[in-house]
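# Understanding the architecture of this molecule
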Amino acid sequence: MIYGFIGLGNMAGAIIRGMYKSGAFENDTILGFNRSEKKTLKLKEETGLVPCQSESETAEKADVVILAVKPQMLPSVLPRIVPVMNKNKLLISIAAGKNTKYYEDILGIDEPVVRIMPNINAKVGMSATAVCGGRFCRAEDIETAKKIFSAVGEVYELSEEQFPVFSAIAGASGAFIHLYIDALASAGVKNGLSRDFAENLACQTVLGSAYLTKHSDEHPIELMDTVCSPGGTTIEGVHTLKKLGFESAVHQAIDAIIEKDKKLGS
Ligand SMILES: NC(=O)c1ccc[n+]([C@@H]2O[C@H](COP(=O)([O-])OP(=O)(O)OC[C@H]3O[C@@H](n4cnc5c(N)ncnc54)[C@H](OP(=O)(O)O)[C@@H]3O)[C@@H](O)[C@H]2O)c1
């Protein structure tokens, strides 16, 4: 199989490195084209990526074309690949906010299109990635996409209507976690810890609690209760967060993301 990436930025770089490290694509070829050359050469050196000279060369040579440019670049990139696309090629796009119909309409043929929503944790093999197929997509196209994105984390097949909520919970909320880690670390600094040590403690605790919750049969609130001794210190902190509207703030933030996503027409 020949995979062709158009755009070799943060996400594509993470996916290609993941594919390379997984060893599952050793008998395949990964091609790529990026607007500027530096990222291409780095990926060539690290993963054996085969550089192409243009968007159309990449699409023409590939069996699976992966669009990994920013959404605003699509109106200029898509017309360059339309002439070389055909029903036997699979088009995969990771662009946020563009539905499968958008590509089908521009391509104008019965082209199989798969839409993907990964997250930046792909960089460490921990993405939560959604996949859905367009009108002309076959089961094997979904399997192809799942194989690629399994190299950088977990993959879930969803209906396209669920993409906005998925993007909020599995994508954008990563920024909340960074904000939380920073707040926790600076609270540590305020109380006398060094910045590096406090940040490391915050990360380790978030990692550990996420791992425990994911691998436990207990509800998150039950897990919380196990560390809240009656009349103890932890319940004081939990009570303070609740009083300040912690849960309501999270709900409102997620709703705001979904609302904005709708306005942008996902
Ligand atoms: N980052 C995330 O967390 C995330 C999560 C989910 C989905 N996505 C989606 O993933 C896509 C890529 O995002 P990203 O964060 O990887 O962005 P990025 O780092 O800016 O990468 C985009 C790359 O596209 C290249 N490019 C621009 N126009 C091109 C063209 N005509 N032909 C070939 N390459 C071109 C840019 O080249 P230069 O080097 O010249 O700038 C850049 O390297 C976006 O559509 C985004 O919505 C991203």
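Residues numbered from 1 in each chain as written. Predicted model: local features only at pLDDT ≥ 70, side-chain atom pairs only at ≥ 80, totals over all residues.

Time to look at the nonpolar core. Ranked by size, the top nonpolar core spans 52 residues in total, and within it I15, V65, L67, A68, I92 and I116 carry the most contacts. It is helix α1 (residues 10-22) that contributes the most residues to this core, 6 residues altogether. Among residues more than four places away in sequence, those in contact with A68 are F5, I6, G7, G9, M11, A12 and I94. (Core = buried A, V, L, I, M, F, W, Y, C linked by C-beta atoms within 7 Å. Buried ≥ 20, exposed ≤ 12 C-beta atoms within 10 Å, placed from the backbone. Helix = DSSP H or I, 4+ residues; strand = E, 2+ residues; numbered from the N terminus. Contact = placed C-beta atoms within 7 Å.)

Turning to the site of the ligand, a few remarks are in order. In the vicinity of the ligand there are 27 residues, among which G7, G9, R35, A95 and A96 approach most closely. When residues in the shell around the ligand are grouped by element, the largest group, 3 residues, is from α1. Within the shell around the ligand, the residues separate by chemical class into 16 nonpolar, 7 polar and 4 charged. (Near = placed C-beta within 6 Å. Nonpolar A, V, L, I, M, F, W, Y, C, P; charged D, E, K, R; others polar.)

Judged by pairing direction, the sheet is mixed, and its 8 strands sit side by side in the order β3-β2-β1-β4-β5-β6-β7-β8 without closing on themselves. What marks the edges here is a single partner per strand, and that holds for β3 (50-51) and β8 (153-157). Of the strand pairs in this sheet, strand β2 (residues 29-33) and β3 are connected by 2 bridges, and their pairing is parallel. Its bridge partner being in β3, L31 is matched across the sheet by V50. (Pairing = 2+ DSSP bridges.)

Further remarks concern the domain arrangement of the protein chain. When its domains are assigned, the protein chain resolves into domain 1 (2-158) and domain 2 (165-263). Each of domain 1 and domain 2 was reduced to a C-alpha centroid, and the two centroids are 33 Å apart. Split by residue class, the side of domain 1 that touches domain 2 holds 6 nonpolar, 3 polar and no charged. (Domains from an automatic or database assignment.)

Taken N-terminus to C-terminus, the directions of helix α7 (residues 163-190) and helix α11 (residues 246-263) make an angle of 125 degrees; their axes are 9 Å apart at the nearest point. Regarding the angle of α7 to α11, the classification is oblique. Seen along the crossing, α7 lies across α11 with a hand that is right-handed. Seen from α7, the contacting residues are P164, V165, S167, A168, I169, A172 and F176; seen from α11, they are A253, I254, I257, I258, D261 and K262. Across the contact of α7 with α11, the residue classes tally to 10 nonpolar, 1 polar and 2 charged. (Axes fitted to C-alpha atoms, helices over the stretch in contact; angles between N-to-C directions. Parallel < 35°, antiparallel > 145°, perpendicular 65-115°, else oblique. Left-handed = near helix turned anticlockwise from the far one by under 90°.)

A separate point is the pairing of β8. Put simply, side chains in a regular strand alternate between the two faces of the sheet. As paired elements, strand β7 (residues 127-133) and β8 share 5 bridges and run parallel to each other. Residue S127 lies in a different strand from β8, and its bridge partner there is G153. Chirality of the crossover, the property in question, places the unit of β7, helix α6 (residues 139-150) and β8 among those that are right-handed. (Right-handed = clockwise from strand over helix to strand, strands pointing away.)

It is worth spelling out helix α10 (residues 234-243) at this point. Among the 10 residues that make up α10, 0 are buried, leaving the element largely open to the surroundings. Looking one or two places after α10, you find G245, whose phi comes out positive at around 85 degrees.

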